[in-house]
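For reference, the chains in residue letters:
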Amino acid sequence: MLGRIEESFARNTRFVADASHEIRNPLTNLSTEIQSILRRERSPDEYRDALASVLDEVRRLSRLADGLLFLSRADAGKGA
């Protein structure tokens, strides 16, 4: 039984590490994009393109958060 508990703990630890990595990527992309936008004045079209890129990353983060919430609920036995 102790072995199963240790295995479950290790699996949860890997999951948290993987989830953290998946969340850090879009956050890094957002930070880089925003810093780039703020470095100099841009044309309205450039601002629009940059904001579209930022919005894509926000949507990616939202999907990740939704997936984590679903997994959390499923793990707690509550379903979707």
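To start, this report covers the structure provided alongside it. (Residues numbered from 1 in each chain as written. Predicted model: local features only at pLDDT ≥ 70, side-chain atom pairs only at ≥ 80, totals over all residues. Heavy atoms only, no water.)

Overview of the overall build of the protein
Quick reminder of the rule: Where helices and strands are cited, they refer to DSSP runs of H or I of at least four residues and of E of at least two residues respectively, numbered from the N terminus. Buried residues are those whose accessible area, probed at 1.4 Å on protein chains only, stays under 20% of the maximum for their type, while exposed residues exceed 50% and partly exposed ones sit between those limits. The contact definition used throughout considers only heavy atoms, calling two residues in contact when any of these lie within 4.5 Å. Throughout, the Shrake-Rupley method with a 1.4 Å probe supplies accessible areas, and for residues the shown protein chains are the sole cover considered. Think of it this way: Lys and Arg go in the positive column, Asp and Glu in the negative one, and His and the chain ends go nowhere. Charged side chains are reduced to one point each, which is NZ for Lys, CZ for Arg, CG for Asp and CD for Glu.
Counting its secondary structure elements, the protein contains 2 helices and 0 strands. Counting every position in the protein, which comprises 80 residues, the buried fraction comes to 11%. Partitioning the intrachain contacts of the protein with sequence separation of at least 6 by distance along the chain shows that 61% fall at a separation of at least 24. Of the roughly 6600 Å² that the protein leaves accessible, carbon and sulfur atoms contribute 57%. Of the charged side chains in the protein, 13 are positive and 13 negative, and the gap between their average positions amounts to 4 Å.

Regarding the packing of helix H1 (residues 2–39) against helix H2 (residues 44–75)
Test applied: Note on method: axes are straight lines fitted to C-alpha atoms, helices fitted across the in-contact stretch only, with angles between N-to-C directions ranging 0 to 180 degrees. Here is the rule for angles: anything less than 35 degrees is roughly parallel, anything more than 145 is roughly antiparallel, 65 through 115 is roughly perpendicular, and the remaining ranges are oblique. In this scheme the handedness of a crossing depends on how the near helix is turned from the far one: anticlockwise by less than a right angle means left-handed, clockwise means right-handed. Each residue is assigned to one of three groups, with Ala, Val, Leu, Ile, Met, Phe, Trp, Tyr, Cys and Pro labelled nonpolar, Asp, Glu, Lys and Arg labelled charged, and all others, Gly among them, labelled polar.
Where H1 contacts H2, the axes come no closer than 10 Å and their chain directions differ by 165°. Regarding the angle of H1 to H2, the classification is roughly antiparallel. H1 and H2 meet at a crossing whose hand is left-handed. The residues of H2 that touch H1, namely those facing Phe15, Ala19, Glu22, Ile23, Asn25, Pro26, Leu27, Asn29, Leu30, Glu33, Ile34 and Ile37, are Tyr47, Ala50, Ser53, Val54, Glu57, Val58, Arg60, Leu61, Leu64, Leu68 and Leu71. Residues belonging to the contact of H1 with H2 are distributed by class as follows: 16 nonpolar, 3 polar and 4 charged.

Here we look at H1
Where we set the bar: Expected span of a helix, by definition, is 1.5 Å for each gap between consecutive residues, and there is one gap fewer than residues.
The end-to-end C-alpha separation of H1 is 55 Å, in line with the 56 Å expected for 38 residues at 1.5 Å each. Elements that come into contact with the buried residues of H1 comprise H2.

A closer look at the pattern of salt bridges
Filter applied, for reference: We count a salt bridge whenever a side-chain nitrogen from Lys or Arg sits within 4 Å of a carboxyl oxygen from Asp or Glu.
A full pass over the atoms with the stated rule returns 4 salt bridges. One salt bridge connects Arg11 with Glu7, and the closest N-O pair in it is separated by 3.3 Å. In this pair, Arg11 and Glu7 are both assigned in helix H1, 4 residues apart and thus about one turn of the helix distant. A residue is classified by how much of its surface remains accessible, and Glu7, at 49% relative accessible area, is partly exposed.

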